[in-house]
Every structure is written in C-alpha cells, then in structure tokens.
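Listed below are the residues making up each chain.
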Amino acid sequence: MFLEKKKIIIAIDGYASTGKSSQAKLLANFFNYSYIDSGAMYRAVTYYALQQEPKGEINFQLLLKSLVNIKIDFLYTIKGQQTILNGKNISKKIRSLEVDSQVSNVASNEHIRFFLTTQQKMMGINKGIIMDGRDIGTVVFPSAECKFFLTASPEIRAKRRYNEQLKFGIKNSYNEVLQNIINRDYMDTSREVNPLKKAKDAIAIEVSDLSLYEVFQLLKTEIVSKLKN
Ligand code: DC
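Sequence order as written defines the numbering, with residues in each chain counted from 1. Restriction of local features to residues with pLDDT of at least 70 applies here, the model being predicted, together with a cutoff of 80 or more for giving and counting side-chain atom pairs; totals for whole chains, interfaces and linings are based on all residues. Each side-chain value is worked out from all heavy atoms of the structure, with water and hydrogens disregarded.

Student: Explain the nonpolar core residue by residue, including any values.
Tutor: As used in this record, nonpolar core signifies buried Ala, Val, Leu, Ile, Met, Phe, Trp, Tyr and Cys residues forming a set joined through side-chain atoms within 4.5 Å. Partly exposed residues are those whose accessible area sits between 20% and 50% of the maximum for their type, while under 20% is buried and over 50% is exposed, using a 1.4 Å probe and protein chains only. Membership of the largest hydrophobic core comes to 34 residues, with the highest contact counts inside it found for Val-45, Leu-63, Ile-70, Ile-72 and Leu-116. Strands here mean DSSP runs of E at least two residues long; helices mean DSSP runs of H or I at least four residues long; both are numbered from the N terminus. Per-element tally for this core: the top contributor is helix α2 (residues 38–52), with nine residues. By definition in these notes, contact holds between two residues if any of their heavy atoms fall within 4.5 Å. Val-45 has contacts with Leu-63, Leu-67, Ile-70, Ile-72, Val-106, Ile-112 and Leu-116, leaving out every residue within four places of it along the chain. Within the second largest apolar cluster, 22 residues are counted, among which are Ala-24, Cys-146, Leu-150 and Val-207.

Student: A description of the packing of α2 against helix α5 (residues 110–123) should follow, citing residues and the corresponding values.
Tutor: To define axes, lines are fitted to C-alpha atoms, for helices over the stretch in contact only, and angles between the resulting N-to-C directions are given on a 0 to 180 degree scale. Between α2 and α5, whose axes approach to 11 Å, the crossing angle comes to 145°. Regarding α2 and α5, the two cross each other, and that crossing is right-handed. Judged by residue contacts, Ser-38, Met-41, Tyr-42 and Val-45 of α2 engage Ile-112, Arg-113, Leu-116, Thr-117, Gln-119, Gln-120 and Met-123 from α5. Throughout, the ten residues Ala, Val, Leu, Ile, Met, Phe, Trp, Tyr, Cys and Pro are labelled nonpolar, Asp, Glu, Lys and Arg are labelled charged, and all others, Gly among them, are labelled polar. Residue composition of the contact of α2 with α5, by class: six nonpolar, four polar and one charged. Take the far helix as the reference: if the near one is turned anticlockwise from it by less than a right angle, the crossing is left-handed, and if turned clockwise, right-handed.

Student: Talk me through the packing of aromatic side chains; I want residue IDs and the actual numbers.
Tutor: Both the distance between ring centres and the angle between the ring planes are used here to describe each pair of aromatic rings. Working definition: rings of Phe, Tyr and Trp (its six-membered ring) pair if their centres are within 6.5 Å, and the pair is stacked with planes under 30 degrees apart, edge-to-face with planes over 60 apart, and tilted otherwise. What the rule picks out here adds up to four aromatic pairs. An angle of 85° between the planes, with centres 5.0 Å apart, marks the rings of Phe-30 and Phe-31 as edge-to-face. Residue classification places Phe-31 among the buried positions, given a relative accessible area of 2%. In textbook terms, an aromatic cluster arises when at least three aromatic residues are bridged by ring pairs, as seen for Phe-30, Phe-31, Tyr-33 and Phe-216.

Student: Would you mind going over α5 in detail, with residue names and values included?
Tutor: Residue count minus one, scaled by 1.5 Å, sets the expected span of a helix. Look at α5: 20 Å from first C-alpha to last across 14 residues, which is about the 20 Å you get at 1.5 Å a residue. Taken as a whole, α5 has its buried residues at Ile-112, Arg-113, Phe-115, Leu-116, Thr-117 and Gln-120. Packing partners of the buried residues in α5 comprise α2, α3 (60–66), β3 (72–77), α4 (97–107), β6 (129–133) and α6 (136–140). We call two N or O atoms a polar contact when they sit within 3.5 Å, provided that within protein one can donate a hydrogen and the other can accept it, with sequence-adjacent residues counted only if both atoms are side-chain atoms. Sitting at the amino-terminal end of α5 is Asn-109, which places a side-chain oxygen 2.8 Å from the backbone nitrogen of His-111.

Student: Kindly report on the environment of Tyr-48, identifying the contributing residues and their values.
Tutor: Relative to the assigned elements, Tyr-48 resides in helix α2. When its relative accessible area of 17% is taken as the criterion, Tyr-48 is described as buried. Linking Tyr-48 and Lys-93, residues 45 residues apart in sequence, is a C-alpha distance of 11 Å.

Right, here's the structure in full:
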C-alpha cells in the first residue's frame, strides 16, 4: 500500500467495459482511497424505474417524481463494492441485459444526471477518492488532479462484458452483448447532456492490447508522479 498525506481526486472515464471499474478498485486498494462506481448509480436508478414499469418501458414522468424516494448506498465487502438501493442489495440485478439496454436512456435525462452528479460531487469533498464513469473528469470533478480516459475496440469490450455477465450467472449471447455495447457507445457519446468525451487534460489510454496489470502500472505511475509534485 502506498501511504502519502497528500490526497487527490482521480477521475477515470471511458467507454463501457474498458475495465475502468477494475482499475479503480485496484488503485483504491493501492492508494487506500475510496472508490465509487458512478455507473452503478445510473444502473440503480434504471433498476428502480424498471420495477415501477415492469413492461420494460421507462415512465420518466413517474420516475422523476420518485427520485426523492431513491437512496443509493455503497457497501464494501470481501466480494467488492455492493450497490444498495433503499436498503436492498441490487449488485447482481443491475448487471442484467434489461438494465444494460435501458441505462443509457435513463442516463440521458438531465434531471436524473443532476440528481446523481450532485451526490457524486459531495462524495469528493474530502478528496482521496477514485471515481469512474463517463463525465467524471468533465462534469463531476473538472478540477480532478488526475484524469484518465480509457478506450478499447467494441469486440474486446463485448468479450469482457460477456465474461463478466457469465460470472454473475447471467447468460446472453456474445452478439447481443456486442450490439448492446455498440448502442450504448452511440447513446453515451451523442446525448445532449454531459456526453461521454475526453477531458482536455485527461490522459488517453488504449487498453485493447494491454493486460489488467499493464494498465494498472501505467495509471499507478501517473498517479504517483502527481502525488510527488
Ligand atoms: O459504467 P457502466 O457501464 O456501468 O455505466 C452504465 C451506463 O451509465 C452507461 O451506459 C452510461 C451511464 N453513465 C453515465 O452516463 N455517466 C456516468 N458517470 C456513469 C455511467
């Protein structure tokens, strides 16, 4: 573990399934920082909305009225970060293809983004935090000391997501997962409010041909140099 008095904010943005969360967890462990998977918050709201309208269509009018009733917490166990929605552990449920296929739609709503980004900004008040998502370096923490932007080919990311879902006991075909990734890329980058884009001062890393360990080493080296300067 790396012990250093100076605490900074680390923002990791990038496309779906580029390994942002895996890297954020490893780094949080190494630097003894807290870690927030902001995507899990959009997923939790999406899951809540799908419970309201089980036919699979999001009723935005109803959802926006219900935002005051949505409380998202994170719990840290040996199984990793657990997402808690109104007291219930929904960590596995938010990884379903149903949530996957609606989350970008929910995340494109400006009121929902405001609701979640306000909470995320508060989480960084004491620094010493690593947050991953799509707009962390551009909107949530524009003054973060360290910003990364991860990219990889859609096929490599689909393979990664397919294996992750298998681990959660969710079985979808590789082609369904790939199509979902391509659709989400389009929605995440083309939405009007806070689209996915690289912050000007973020370091871009293409991870397609790099192992988890190699990416970790690259990020760690950058962070250590920021902490020492
Ligand atoms: O990182 P993820 O795949 O779990 O994120 C799920 C969705 O949430 C993603 O398609 C876009 C959205 N998202 C966002 O718009 N802003 C964030 N900061 C994090 C996620």
